[in-house]
Amino acid sequence: MSGVVINNMSFKVGQTMSVTGVPHSDAAHFVINVGNSEDDIALHVNPRFDAHGDTRAVVCNSYQGGNWLEEHREGGFPFNHGEEFKINITFTNEQFIVALPDGSAIHFPNRQGDEKYKYINFDGDVRIQGIEIK
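Residues numbered from 1 in each chain as written. Predicted model: local features only at pLDDT ≥ 70, side-chain atom pairs only at ≥ 80, totals over all residues. Heavy atoms only, no water.

Where an unreviewed UniProt entry is consulted, the protein appears under the name Galectin, with the organism given as Umbra pygmaea.

## Some words on the sheet that holds strand β8 (residues 85–91)
Filter applied, for reference: Strands qualify as paired when DSSP identifies two bridges or more between them. A run of H or I in DSSP becomes a helix once it reaches four residues, and a run of E becomes a strand once it reaches two; helices and strands are each numbered from the N terminus. Between N-to-C directions, angles span 0 to 180 degrees; the directions come from axes that are lines fitted to C-alpha atoms, helices contributing only their stretch in contact.
Read across the sheet, 5 strands follow the order β10-β9-β8-β2-β12 without closing on themselves; strand pairing throughout is antiparallel. The open sheet is flanked by β10 (105–109) and β12 (126–133), the only strands paired with a single partner. Each adjacent strand pair in this sheet contributes to an overall mean axis angle of 20 degrees, direction not counted. With 6 bridges joining them, strand β2 (residues 16–23) and β8 adopt antiparallel strand pairing. Bridging from a neighbouring strand, Met17 pairs with Ile89 of β8.

## Quick look at the UniProt feature "domain: Galectin" (unreviewed entry) in the protein
This is how it is decided: UniProt positions are given in the numbering used here, feature names are shortened, and annotations may be inferred rather than shown by experiment.
Here the UniProt feature "domain: Galectin" (unreviewed entry) sits at residues 3–134. As a span, residues 3–134 carries 0% helix and 65% strand, and end to end its C-alpha atoms are 23 Å apart.

## As for the nonpolar core
Put simply, the rule is: In these notes, a set of buried Ala, Val, Leu, Ile, Met, Phe, Trp, Tyr and Cys residues joined through side-chain atoms within 4.5 Å is what counts as a nonpolar core. The cut-offs for exposure are 20% and 50% of the maximum accessible area for each residue type, with area from a 1.4 Å probe on protein chains only; residues under the lower value are buried, those over the upper are exposed, and the others partly exposed. When checking whether two residues touch, look at their non-hydrogen atoms; a contact exists if any pair is within 4.5 Å.
If you look at the biggest cluster of nonpolar residues, it comprises 30 residues, and the most contacted ones within it are Phe11, Met17, Leu43, Phe79, Ile89, Phe96 and Val98. Contact partners of Phe11, with chain neighbours within four places excluded, come to Thr16, Met17, Val34, Ile89, Phe91, Phe96, Glu115, Lys116, Tyr117 and Ile133.

## Some thoughts on the packing of aromatic side chains
As a reminder of what qualifies: Only the six-membered ring of Trp is used, alongside the rings of Phe and Tyr, when aromatic pairs are assigned; centres must lie within 6.5 Å, and planes under 30 degrees apart are stacked while those over 60 apart are edge-to-face, with the rest tilted.
Scanning the model with the defined rule gives 10 aromatic pairs in all. Aromatic pair Phe91 and Tyr117: ring centres 5.3 Å apart, planes at 35 degrees, arrangement tilted. Highlighted residues: Phe91 in strand β8 and Tyr117 in strand β11 (residues 116–124), separated in sequence by 26 residues. Exposure class is identical for Phe91 and Tyr117. Each is buried. One aromatic cluster is present, formed by Phe30, Phe49, Phe77, Phe79 and Phe85 through successive ring pairs.

## Description of the pattern of salt bridges
For clarity, the threshold we go by: Salt bridge criterion: a side-chain nitrogen from Lys or Arg within 4 Å of a carboxyl oxygen from Asp or Glu.
Taken as a whole, this structure holds 5 salt bridges when the rule is applied. Put simply, Arg48 and Glu71 hold a salt bridge, and the shortest N to O gap is 3.5 Å. Of this pair, Arg48 sits in strand β4 (residues 40–51) while Glu71 sits in the loop between β6 (67–68) and β7 (72–73); the two residues are 23 residues apart in sequence, bridging distant segments of the chain. Here the salt bridges share partners, and the residues they tie into one network are Arg48, Asp54, Glu71 and Arg73.

Written out as structure tokens, the structure is:
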């Protein structure tokens, strides 16, 4: 994976991670990954303007044992090229709650079941401006 990688920054049950950024003016998609490593991703958030056969869709998934699991689609697509966004990801024992900029939320199961993740990755057509965990 390329993009920005953050290792050894704990994201634990009960915490919320806020991510602000701006999609590029010609963005096809961008990615936020949370997990234990590049090969063990508990939460993959992939807003797709026009990528992988999807248009204006937010796709979530997880990656284990060298394989992507079942894709999860829920909510709208509140992203625009060149406009700042803020996503809040709340981590519970059972799920990740991904609050999108329009106030809608995606509920994605914590398939790995871990209580702490230390790998965060941002990739694709986006400029990440800030990340905060509290």
